[in-house]
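One letter stands for each residue in the lines below.
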Amino acid sequence: MSLRVDMETVHGVLIVRLEGELDHHTADMLRTNIEKKLAEEPVQHILLSLAHLHFMDSSGLGVILGRYKKISARGGDMVICSINPVIYRLFELSGLFKILKIKESEQEALLVLGVA
């Protein structure tokens, strides 16, 4: 399976919805797509919706951490939402929960970011 990426910007929040597998085969494509949006649009925050992401490896974690660092350097925030139990466990083991906010839904995440 591959990775499907759907992105939209709402009130300065780049919403990235992932479906499929985020691994070493797809990580560069995701990185490139997000970087392009960050360069083209006035993005202050990133919201990652992972409801349909079924697999992720360390390459995916690296992409997420890199985008977190980039948006934080701009004074923004990153929120993860709709995370399934398998991916949740990976985030837990990696320690990313210590720096990233996790919410149940996109609506909750947008509220935390102050745009809903």
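Above this text is the structure in question.
Residues numbered from 1 in each chain as written. Predicted model: local features only at pLDDT ≥ 70, side-chain atom pairs only at ≥ 80, totals over all residues. Heavy atoms only, no water.

K.L.:
Please provide a residue-by-residue account of the packing of aromatic side chains, values included.
P.N.:
Under the counting rule described, the total for this entry stands at 2 aromatic pairs. Taken together, the ring pairs in this structure connect Tyr 88, Phe 91 and Phe 97 into an aromatic cluster. (Phe/Tyr/Trp six-rings, centres within 6.5 Å; stacked < 30°, edge-to-face > 60°.)

K.L.:
Account for the sheet that holds strand 1 (residues 3-10), naming residues and giving values.
P.N.:
Taken together, 5 strands build an open sheet; the order of strands is 1-2-3-4-5 and the sheet is mixed. Two strands lie at the open edges of the sheet, namely strand 1 and strand 5 (101-103), each paired on one side alone. Ignoring which end each strand starts from, the neighbouring axes of this sheet average 20 degrees apart. One ladder, built from 3 bridges, connects strand 4 (residues 78-81) with strand 5; its direction is parallel. The partner of Cys 81 across the bridge, within strand 5, is Lys 103. In the packing of helix 2 (residues 58-73) onto the sheet, contacts are made with strand 2 (13-22), strand 3 (45-56) and strand 4, and the angle to strand 3 comes to roughly 175 degrees. (Pairing = 2+ DSSP bridges. Helix = DSSP H or I, 4+ residues; strand = E, 2+ residues; numbered from the N terminus. Axes fitted to C-alpha atoms, helices over the stretch in contact; angles between N-to-C directions. Contact = heavy atoms within 4.5 Å.)

K.L.:
Tell me about the packing of helix 1 (residues 27-40) against helix 2, and name the residues and values.
P.N.:
The contact between helix 1 and helix 2 brings their axes to 9 Å, and the two run at 15 degrees. As far as their axial angle goes, helix 2 and helix 1 are roughly parallel. As for how helix 1 packs across helix 2, the hand of that crossing is right-handed. Seen from helix 1, the contacting residues are Ala 27, Leu 30, Arg 31, Ile 34, Glu 35 and Leu 38; seen from helix 2, they are Ser 59, Val 63, Arg 67, Lys 70 and Ile 71. In the contact of helix 1 with helix 2, the residues fall into 6 nonpolar, 1 polar and 4 charged. (Parallel < 35°, antiparallel > 145°, perpendicular 65-115°, else oblique. Left-handed = near helix turned anticlockwise from the far one by under 90°. Nonpolar A, V, L, I, M, F, W, Y, C, P; charged D, E, K, R; others polar.)

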